[in-house]
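Structural overview for review
Here is what each chain is made of, one letter per residue.
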Amino acid sequence: MTVDPDSARLVVSCPDRPGIVAAVAGFLFDTGANVTHSDQHSSDPEGGRFFLRMEFHLPGVAERLDELRTAFDDEVAAEFDMAWRIVSATAPKRMAILVSKYDHCLLDLLWRARRGELPCEVPVVISNHPDLRTDVENFGVPFFCVPVEQGGKPAAEAQMLALLRGHADVVVLARYMQILTGGFLDELGIPVINIHHSFLPAFAGANPYGRARERGVKIVGATAHYVTEELDAGPIIEQDIVRVSHRHDVDTLERLGADVERTVLARAVQLHLDDRVLVDGGTTVVF
Ligand SMILES: Nc1nc2c(c(=O)[nH]1)N[C@@H](CN(C=O)c1ccc(C(=O)N[C@@H](CCC(=O)O)C(=O)O)cc1)CN2
């Protein structure tokens, strides 16, 4: 799909009150913009939060972003205590990927990015194992192996921060099997998306397919979520499932689940890159 070079999007969350849509739409009207798409949600009109995403067309918008941001902050955002951003629809985001040994989610993302299905660049792939170097370098993407030895997590995270700081707008954990510390996440300071191989909140943590088989489940699934210090507890972005039965052993559950993991992660990354996901405390609003 070709993207209008003169389009941008404005994303807002703030305490709910009357007048928000009017103020935002009026601001855009005054700049000469034409609103082409709008979504909004109120968590509770009495004391909740309001979420808004507007796409707009404005000739030369890519060169006017700083001007628009300054004006919006002065004229609208401060009055409504808004958390907000204005981004050009054509500016590709930089997606760094962390992976361990499973390749299916990683290769799916690299393939979709190369085809232009995902509006992003991939500046780097980092793994705690060397296995996937050739696969990644065959996509023309730099690969760094940062092993995490016993007791060596602080040094490894420092090395990863050095590789990521200033080079990524979002980090995706494509079956990265190390738990990231809160200090790392705070230092990194950009969104991190993980694909967990279960339908959370069921089977959080390690070995979800093995535990699911033990439980005799009739579906397995995958969950893409933002990463927080607490394991597999971050705001959910996207989920899906596939039916299974007593005839499926753990290897078959993993194989069936892998297709769901790839699809769910790709959908979640697409939603994030399109600025369609707004965090509402421990949950999300997805437009
Ligand atoms: N701070 C967070 N870090 C990570 C999260 C998260 O939600 N918050 N998600 C995980 C991915 N994951 C499940 O999706 C997961 C990864 C690893 C483990 C685990 O128990 N790992 C052990 C062993 C690691 C190894 O031997 O390589 C460990 O780290 O001690 C559970 C769930 C990614 N990180």
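Under an unreviewed UniProt entry, the chain has the name Formyltetrahydrofolate deformylase and belongs to Svornostia abyssi. In UniProt, the chain has this text filed under Pathway (unreviewed entry): "Purine metabolism; IMP biosynthesis via de novo pathway; formate from 10-formyl-5,6,7,8-tetrahydrofolate: step 1/1."

To continue, consider a nonpolar patch on the surface. A contiguous nonpolar surface patch, about 210 Å² in accessible area, is contributed by Phe199, Ile219 and Ile241. Examined against the element boundaries, isoleucine 241 turns out to sit in strand β12 (residues 236–243). You can call isoleucine 241 partly exposed: its relative accessible area is 33%.

Taken as a whole, this structure holds 0 disulfides when the rule is applied. You can see cysteine 105 has no disulfide; the closest cysteine sulfur is in cysteine 120, sitting 15 Å from it. Residue cysteine 145 stays outside any disulfide, its sulfur separated by 19 Å from that of cysteine 105, the closest cysteine.

Time to look at the pattern of salt bridges. Using the criterion set out here, one finds 19 salt bridges in the structure. Among the ionic pairs, arginine 9 bridges to aspartate 275, the shortest N-O distance being 2.8 Å. Of the two residues, arginine 9 is situated in strand β1 (residues 7–15) and aspartate 275 in the loop between α8 (250–273) and β13 (277–280); the sequence distance between them amounts to 266 residues. By relative accessible area, arginine 9 is classed as buried at 9%. A salt bridge links arginine 112 to aspartate 108; the nearest nitrogen and oxygen atoms lie 2.6 Å apart. Separated by 4 residues within a single helix, arginine 112 and aspartate 108 lie in helix α3 (residues 104–115), roughly one turn from each other. Taken together, the shared-partner salt bridges in this structure form one network comprising Asp108, Arg112, Arg115, Glu117, Asp259 and Arg262.

Here helix α5 (residues 153–164) contains 12 residues, and its C-alpha end-to-end distance of 16 Å stays within 8% of the 16 Å for a straight helix at 1.5 Å per residue. Against the buried residues of α5 lie β5 (93–99), β7 (125–127), β9 (170–173) and α6 (182–188). Phi turns positive, to about 80°, at glycine 166, one or two residues after α5.

About the thresholds
- Residues numbered from 1 in each chain as written.
- Predicted model: local features only at pLDDT ≥ 70, side-chain atom pairs only at ≥ 80, totals over all residues.
- Heavy atoms only, no water.
- UniProt positions renumbered as here; feature names shortened; annotations may be inferred.
- Patch = residues over 30% accessible without salt bridge, like charges linked within 9 Å, V, L, I, M, F, W, Y side chains within 5 Å.
- Areas by Shrake-Rupley, 256 points an atom, 1.4 Å probe, with all protein chains shown as cover.
- Salt bridge = Lys/Arg side-chain N within 4 Å of Asp/Glu carboxyl O.
- Helix = DSSP H or I, 4+ residues; strand = E, 2+ residues; numbered from the N terminus.
- Buried < 20%, exposed > 50% of the residue type's maximum accessible area, 1.4 Å probe, protein only.
- Disulfide = S-S within 2.5 Å.
- Expected span 1.5 Å × (residues − 1).
- Contact = heavy atoms within 4.5 Å.

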